[in-house]
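What follows is the residue order along each chain.
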Amino acid sequence: MTKLFNVHDYRKAAKRRLPKPIFDYLDGGADDEWSLRNNTSAFDKYELWPHQLSGVGEINLATRFLGTEHQLPVMLSPTGMTRLFHHHKELGVARAASETGYAYSLSTVGTAKMEDIAEICKTPKIFQIYVHRDRGLTHEFVERAKASNYDALCLTVDAAVAGNRERDFKNGFSVPPRLTLASLASFAAHPHWTLNFLREHDFRFINVVHRVDAISSGTLGVMKYINSQLDPSISWDDAAEIVALWGGPFIIKGVQSAEDAAQAVEIGASALMLSNHGGRQLEGSPAPVDCVRPIRDRVGDKLELIVDGGVRRPGHLIKALCLGANAVSFGRPYLYALAAGGENAVKAFLTSFKEGLKRDMALLGCADVQVLDERFLRSA
Ligand SMILES: Cc1cc2nc3c(=O)[nH]c(=O)nc-3n(C[C@H](O)[C@H](O)[C@H](O)COP(=O)(O)O)c2cc1C
């Protein structure tokens, strides 16, 4: 891990470790992957403006959002089926997050039990829900999240149907992975991953499997799961009902327009993850960082804003906060690290990201993330 300096190095290491269908599922996006690329390149539209001689001997990264204190303004985005990338799965990521001070969010379609994650996580923890056709599941999630003391609930709203992820179609990707004739060579070329997969075959969506038999009955494409199990008819009224049922900090994930943000205020949400699902759903949808200004202008401080997608460097976080976001989140970066070397690699990546954030704050001449604003930014 000592030779891995940044997210690009971790990505390359993940590519070496994973069979192609698995790497492509992690790395890929919808259609031509323009939104995926644009999520990161959009940060280049903004420049950081340093204020020198500002006394940066001590840098404060701590801040408050989602009704609680955070050691730094970052949360790890919810990602399903983390077991695919390493047998340490969500448990290893949550441990690494907890030890390095990051908030962690667990996906509905994770491969670790929400109660087990709650025990590990000493940092703020969030449970992400999809609304399944079986509405009883939503109520069950809310009760279980309350019983396990989750700090916030996050409702993902940008997956009414599955995005068009062509890499997965071409690879015949399924969960659990199937060793087909077409993919055999790639699995054989990655014996470490493949042997581990054969030895520890725990690919179930453990939090839903008692009610949704889709996976236990055989292999299933991810898109098929989304299309067959999630309820595309959900509306703002349904979201309002879940907000009320939960009664605590509530994030809506997948909002990009000011109109939707205003609606989120109406139904009592407390935060938005500005997100296009990492470019995996609607191709052509805008970069989350570009959504901050118009949404902040529309809703003022009635909502907390988390920029989700494209964040690869600490400087991206700083730009998002200067524009008016409260925090950022990322998915692929920690998954690349997990695939590259399990829990320790995630810890190493998160530690270096945090150190990089302190360094960039010092170079910017700003000693406190809470005072970042447009004074430190210019449109390039
Ligand atoms: C492999 C993978 C699985 C994901 N699974 C989920 C999920 O189960 N629920 C969800 O709301 N978002 C999911 N996402 C989207 C992430 O939460 C997040 O929006 C995205 O990764 C942010 O973009 P980034 O990867 O560029 O940081 C997933 C993303 C990836 C890469």
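Residues numbered from 1 in each chain as written. Predicted model: local features only at pLDDT ≥ 70, side-chain atom pairs only at ≥ 80, totals over all residues. Heavy atoms only, no water.

The protein chain goes by Alpha-hydroxy-acid oxidizing protein in an unreviewed UniProt entry, where it is assigned to Hyphococcus aureus. Note on the protein chain: under the UniProt heading Sequence similarities (unreviewed entry), the record states "Belongs to the FMN-dependent alpha-hydroxy acid dehydrogenase family." Taken from UniProt, the Cofactor (unreviewed entry) comment for the protein chain reads in full: "FMN". (UniProt positions renumbered as here; feature names shortened; annotations may be inferred.)

Moving on to a nonpolar patch on the surface. Taken together, the side chains of Leu179, Leu181, Leu184, Leu195 and Leu198 present a nonpolar region at the surface, about 520 Å² in accessible area. When contributions to the nonpolar patch are tallied by element, the ones reaching two or more residues are helix 8 (181-188) and helix 9 (191-199). Position of leucine 184 relative to the elements: it lies in helix 8. (Patch = residues over 30% accessible without salt bridge, like charges linked within 9 Å, V, L, I, M, F, W, Y side chains within 5 Å. Areas by Shrake-Rupley, 256 points an atom, 1.4 Å probe, with all protein chains shown as cover. Salt bridge = Lys/Arg side-chain N within 4 Å of Asp/Glu carboxyl O. Helix = DSSP H or I, 4+ residues; strand = E, 2+ residues; numbered from the N terminus.)

The full count for this structure, using the stated rule, is 11 aromatic pairs. Look at phenylalanine 127 and tyrosine 150: their rings are 5.9 Å apart centre to centre, the planes differ by 65°, and that puts the pair in the edge-to-face class. Here the residue phenylalanine 127 occupies a position in strand 6 (residues 125-129), and tyrosine 150 occupies one in the loop between helix 6 (136-147) and strand 7 (152-156), the gap between them amounting to 23 residues. As far as burial versus exposure is concerned, phenylalanine 127 and tyrosine 150 are alike and both buried. (Phe/Tyr/Trp six-rings, centres within 6.5 Å; stacked < 30°, edge-to-face > 60°. Buried < 20%, exposed > 50% of the residue type's maximum accessible area, 1.4 Å probe, protein only.)

Turning our eyes to something else, we now look at helix 11 (residues 236-246). Taken together, the buried positions of helix 11 are Asp238, Ala239, Ile242, Val243 and Trp246. Buried residues along helix 11 cover an arc of 140° about the axis, so they all sit on one side. Facing away from the buried side of helix 11 by over 90 degrees, the exposed positions are Asp237 and Ala244. Buried-residue contacts for helix 11 involve strand 6, helix 6, strand 7 and strand 8 (250-255). (Arc of directions from axis to C-beta. Contact = heavy atoms within 4.5 Å.)

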